[in-house]
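# Commentary on secondary and tertiary structure
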Amino acid sequence: MTPGELERFRAGDERVMTELVRQHSPRLLAVAIRITGDRDRAHDLVQNAWIRAYERRMTFGGAGSFVGWVLAILRSVLLREHRDESRRHAKMEAIRHEAAASHDPINELTDHLDAETVQRRLLDGLAQLTERQRDVVAMRIIEGRSVSQTSDALGVADGTVKATLSQALERLRSIIPGRNE
């Protein structure tokens, strides 16, 4: 990269960025596909890496190779996605554990579904809950707070937390179809 290109890149010149994306994306994509084994996911990761590169363009001083810098960003994006995925999986397991611990039938409904399907349906379901129901589910199931801690945080009675959680779980059950889907 010439000093002029570096200056235009750091200034956010669209033509320079477009050329860099055109020139280096095949290599980034090959690395992402090798790591993930999934072409669609790899495309998303490369796109996210380019977005991050653009956002962090002022940190590239031109001392090393540009492609090495972008590959480091791609690795960072891959690691972040892996951590996020691990957290989502842990939250889903917490929801399953809470359901199993309380002998909640939602656990029986989700046993036959893969984690991604359960996650997608639960996220869809959470979007359909009221704000209070979402708060109670987040605090009780995802964060693992007690009824008392949740009621204190929300400024409501313990019974309200219990009733709200029951209503929220019932609503979520209606979104996750049974085994005969």
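Just above sits the structure.
Definitions and cut-offs
- Residues numbered from 1 in each chain as written.
- Predicted model: local features only at pLDDT ≥ 70, side-chain atom pairs only at ≥ 80, totals over all residues.
- Heavy atoms only, no water.
- Helix = DSSP H or I, 4+ residues; strand = E, 2+ residues; numbered from the N terminus.
- Buried < 20%, exposed > 50% of the residue type's maximum accessible area, 1.4 Å probe, protein only.
- Contact = heavy atoms within 4.5 Å.
- Core = buried A, V, L, I, M, F, W, Y, C linked by side-chain atoms within 4.5 Å.
- 1 Å grid on protein atoms, 1.4 Å probe; cavity = no way out; pocket = protein on both sides within 12 Å on 5 of 7 lines; lining within 4 Å.
- Points joined across faces, edges and corners; volume = space filled by probe spheres on them.
- Nonpolar A, V, L, I, M, F, W, Y, C, P; charged D, E, K, R; others polar.
- Phe/Tyr/Trp six-rings, centres within 6.5 Å; stacked < 30°, edge-to-face > 60°.
- Axes fitted to C-alpha atoms, helices over the stretch in contact; angles between N-to-C directions.
- Parallel < 35°, antiparallel > 145°, perpendicular 65-115°, else oblique.
- Left-handed = near helix turned anticlockwise from the far one by under 90°.
- Expected span 1.5 Å × (residues − 1).
- Arc of directions from axis to C-beta.
- Polar contact = N/O pair within 3.5 Å; in protein donor to acceptor, adjacent residues only side chain to side chain.

### Let's talk about the environment of Pro26
Counting through the fold element by element, Pro26 comes out in helix α2 (residues 14-36). For Pro26, a relative accessible area of 54% gives the class exposed. Sequence-wise, Pro26 and Val46 are 20 residues apart; in three dimensions their C-alpha atoms are separated by 9.5 Å.

### Describing the side chain of His24
Position of His24 relative to the elements: it lies in helix α2. Overall, His24 belongs to the buried group, its relative accessible area being 13%. Leave out the neighbours within four places in its chain, and His24 touches Trp50, Phe66 and Val67.

### Focus on the nonpolar core
Counting 25 residues, the largest nonpolar core has Phe9, Leu28, Val46, Trp50, Phe66, Trp69 and Leu74 as its most contacted members. At the level of elements, α1 (3-10), α2, α3 (39-55) and α4 (66-101) are the ones that each hand at least two residues to this core. The dominant element in this core, judged by the number of residues it contributes, is α4, at nine residues. For Leu74, the contacting residues outside a window of four places in its chain are Leu28, Val31, Ala32, Leu45, Val46 and Ala49. Membership of the second largest hydrophobic core comes to 12 residues, among which are Ile141, Val161, Leu165 and Leu172.

### Some remarks on the layout of surface pockets
The volume enclosed by the second largest pocket comes to roughly 180 Å³. Around the second largest pocket sit Met1, Glu5, Arg8, Arg15, Val16, Glu19, Leu20, Gln23, His24, Phe66 and Val67, which together line it. Of all the secondary structure elements, the ones that give two or more residues to the lining of the second largest pocket are α1, α2 and α4. For the lining of the second largest pocket, the residue count by class is five nonpolar, two polar and four charged.

### Remarks on the packing of aromatic side chains
Evaluated as defined, the whole model comprises six aromatic pairs. Seen in terms of ring centroids, Phe60 and Phe66 are 5.4 Å apart; in terms of plane orientation they differ by 85°. Their pairing is edge-to-face. On the basis of relative accessible area, Phe66 is assigned to the buried category, the value being 7%. Ring centres 5.1 Å apart and planes at 40° place the aromatic pair Phe60 and Trp69 in the tilted group.

### Concerning the packing of helix α7 (residues 131-142) against helix α8 (residues 147-154)
Axis separation between α7 and α8 bottoms out at 9 Å; the angle between their running directions is 140°. Taken together, α7 and α8 sit at an angle that is classed as oblique. Read as a crossing pair, α7 and α8 show a hand that is right-handed. Together, Asp135, Val136, Met139 and Arg140 of α7 and Val147, Thr150, Ala153 and Leu154 of α8 make up the contact between the two elements. Partitioning the contact of α7 with α8 into residue classes produces five nonpolar, one polar and two charged.

### Here's the deal with α3
With 17 residues, α3 extends 24 Å from end C-alpha to end C-alpha; this agrees with the ideal 24 Å at 1.5 Å per step. Buried within α3 we find Ala42, Leu45, Val46, Ala49, Trp50 and Ala53. When α3 is viewed along its axis, its buried side chains cluster within an angular range of 140° and face the same direction. In this structure, α3 carries Asp40 and Glu55 as exposed residues pointing more than 90 degrees from its buried face. For α3, the capping residue at the N-terminal end is Asp38, with a side-chain oxygen 3.0 Å from the backbone nitrogen of Asp40.

### Concerning the environment of Gln23
Within the element layout of this structure, Gln23 appears in helix α2. A residue is classified by how much of its surface remains accessible, and Gln23, at 46% relative accessible area, is partly exposed. The spacing of Gln23 and Val67 is 44 residues in sequence and 9.5 Å in space, taken between C-alpha atoms.

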